[in-house]
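Analysis of the macromolecular model
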Amino acid sequence: MAERAKLAVLLSGRGSNMAALLYAAKAQDCPYAIVLVASNDPDAPGLQLAQAEGIATFARPHKGMARSDHDAVMDAAVRAAGADYIALAGYMRILSEGFVRGWQGRMLNIHPSLLPKYKGLHTHERALEAGDSHGGCSVHLVTAELDDGPVLAQTEVAILPGDDADSLSARVLIAEHQLYPRTLAAYVRTRAGHADGAG
Ligand code: GRF
């Protein structure tokens, strides 16, 4: 197989989507490998898990830093690791335009709603309040506007009678863990095919 694309994952919390990407990358035919897990929170549980799995980690708290300065530090760490792609996985920061521009077409995010519905926070509450039949999750390319980039793939998750935000988010998370690795792998394969013309 051709060399794997190098992936950096940015997270702020528990890192279950990072774990899904990481374990999917253990498959022999996975077209990406995680080279760095980075966070704005040195105590993010996702960092511990990455370390235990032998993945390089980086953390820099954003407190007291201008947004663009903090983004520049994260960008430098990701580039030093040799990353070709960034996967945002619960990275709770609005990104500056310069950072986003530098990774155009190479930075993906997972969002727990069926975009364009419910950008931002509290997506499950909003789906329940609206009386939707389905919640779900979306993987999209990151653009300067929050949760607004082109959607690459989505999974619908049925809302059950009696669901609350916790029960719905737990089921959506199962779907997230399957959607993100699969969508990222397909995206990387498509781009690699275009890059070397081999398909
Ligand atoms: C997920 O629900 C993801 O869709 C959202 O943030 C949450 C992160 O969870 N962007 P985890 O840290 O991956 O467990």
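A brief report on the enclosed structure follows. (Residues numbered from 1 in each chain as written. Predicted model: local features only at pLDDT ≥ 70, side-chain atom pairs only at ≥ 80, totals over all residues. Heavy atoms only, no water.)

1. Let's talk about the overall build of the chain
Let me state the cut-off plainly: Going along the chain from the N terminus, every DSSP run of H or I of four or more residues is numbered as a helix, and every run of E of two or more is numbered as a strand. Each residue's exposure class comes from its accessible area (1.4 Å probe, protein chains only) as a fraction of the maximum for that residue type: buried when under 20%, exposed when over 50%, partly exposed otherwise. His residues and chain termini do not enter the charge count, which takes Lys and Arg as positive and Asp and Glu as negative. By convention, the charge on Lys lies at NZ, on Arg at CZ, on Asp at CG and on Glu at CD.
When helices and strands are tallied, the chain shows 6 helices and 7 strands. Starting at the N terminus and ending at the C terminus, the chain contains elements arranged as β-α-β-α-β-α-β-α-β-α-β-β-α. By its C-alpha atoms, the chain is 50 × 45 × 35 Å across when sized along the principal axes. Within the span of the chain, comprising 199 residues, buried residues form 47% of the whole. Charged side chains in the chain number 18 positive and 22 negative. The centres of these two groups are separated by 5 Å.

2. Description of helix α2 (residues 45–52)
Definition in use: Picture the helix axis, draw a direction to every C-beta atom, and the arc is the one those directions span.
For α2, the set of buried residues is Gly 46, Leu 47 and Ala 50. Angularly, the buried residues of α2 cover 100° about the axis, an arc narrow enough to put them on a single face. Seen from the buried face of α2, the exposed residues on the opposite side, beyond 90 degrees, are Gln 48 and Ala 52.

3. Some details on the pairing of strand β6 (residues 134–141)
Selection criterion: Between any two strands, at least two bridges found by DSSP are needed for them to pair.
In terms of burial, β6 is a largely internal element, 7 of the 8 residues being buried. When β6 meets strand β7 (residues 151–158), the two strands line up antiparallel, connected through 7 bridges. Bridged to Gly 135 within β7 is Val 157.

4. Describing the site of the ligand
For clarity, the cut-off: Nearness here has a simple test: a residue counts as near a molecule or strand if at least one of its heavy atoms is within 4 Å of that partner. We define a polar contact as two N or O atoms separated by no more than 3.5 Å, with the added condition that, inside protein, one atom must be a possible hydrogen donor and the other a possible acceptor, whereas residues neighbouring each other in sequence contribute only through side-chain atom pairs. Areas reported here follow the Shrake-Rupley algorithm with a probe of radius 1.4 Å; residue values treat only the protein chains shown as occluding. Three categories are distinguished: nonpolar for Ala, Val, Leu, Ile, Met, Phe, Trp, Tyr, Cys and Pro, charged for Asp, Glu, Lys and Arg, and polar for the others, with Gly belonging to the last.
Near the ligand you find Arg 14, Gly 15, Ser 16, Asn 17, Gly 90, Ile 110, His 111, Pro 112 and Glu 176, and these make up its full shell. For the ligand, an oxygen atom lies 2.4 Å from a polar atom in the side chain of Arg 14. A distance of 2.5 Å is found between an oxygen atom of the ligand and a side-chain nitrogen or oxygen belonging to Ser 16. Relative to its unbound accessible surface of 370 Å², the ligand loses 85% to contact with the protein. Split by residue class, the shell around the ligand holds 2 nonpolar, 5 polar and 2 charged.

5. Notes on a negative patch on the surface
Condition: Here a patch means residues that are over 30% exposed by relative accessible area and free of salt bridges, tied together within 9 Å if like-charged and within 5 Å if nonpolar (Val, Leu, Ile, Met, Phe, Trp, Tyr). Put simply, a salt bridge is a Lys or Arg side-chain nitrogen that is within 4 Å of an Asp or Glu carboxyl oxygen.
A cluster of acidic side chains, namely Glu 125, Glu 129, Asp 164 and Asp 166, defines a negative patch on the protein surface. Tracing the chain through its elements places Glu 125 in helix α5 (residues 123–129). You can call Glu 125 partly exposed: its relative accessible area is 33%.

6. Section: the environment of Leu 36
Basically, it comes down to this: When checking whether two residues touch, look at their non-hydrogen atoms; a contact exists if any pair is within 4.5 Å.
Checked against the element boundaries, Leu 36 lands in strand β2 (residues 32–39). Residue Leu 36 is classed as buried on the basis of its relative accessible area, which comes to 5%. Once the C-alpha coordinates of Leu 36 and Gly 102 are considered, the two residues, 66 residues apart in sequence, prove to be 18 Å apart. Excluding its chain neighbours within four sequence positions, the residues that come into contact with Leu 36 are Leu 7, Ala 8, Val 9, Ile 55, Ala 56, Thr 57, Phe 58, Ala 77, Val 78 and Ala 81.

7. Here's the deal with the environment of Asp 148
Looking at the secondary structure, you find Asp 148 in the loop between β6 and β7. In this structure, the C-alpha to C-alpha distance between Asp 148 and Ser 68, residues 80 residues apart in sequence, is 20 Å. Other than its neighbours up to four places away in sequence, Asp 148 contacts Lys 119, His 140 and Thr 143. Only 2.6 Å separates the side chain of Asp 148 from the side chain of Lys 119, close enough to count as a polar contact.

8. What about the nonpolar core?
For soluble globular proteins, the rule of thumb is that nonpolar side chains tend to be buried together. Definition in use: Think of a nonpolar core as a cluster: buried Ala, Val, Leu, Ile, Met, Phe, Trp, Tyr and Cys residues, connected wherever their side-chain atoms sit within 4.5 Å.
Counting 38 residues, the largest nonpolar core has Leu 7, Val 9, Leu 21, Tyr 32, Ile 34, Val 37 and Tyr 180 as its most contacted members. Residue contributions to this core peak at 9 residues, all from helix α6 (residues 165–196). For Val 37, the residues in contact, after removing those within four places along its chain, are Val 9, Leu 11, Met 18, Leu 47, Ala 50, Ile 55, Ala 56, Thr 57 and Phe 58. Residues Met 74, Ala 77, Ile 86 and Leu 88 belong to the second largest nonpolar core, which totals 17 residues.

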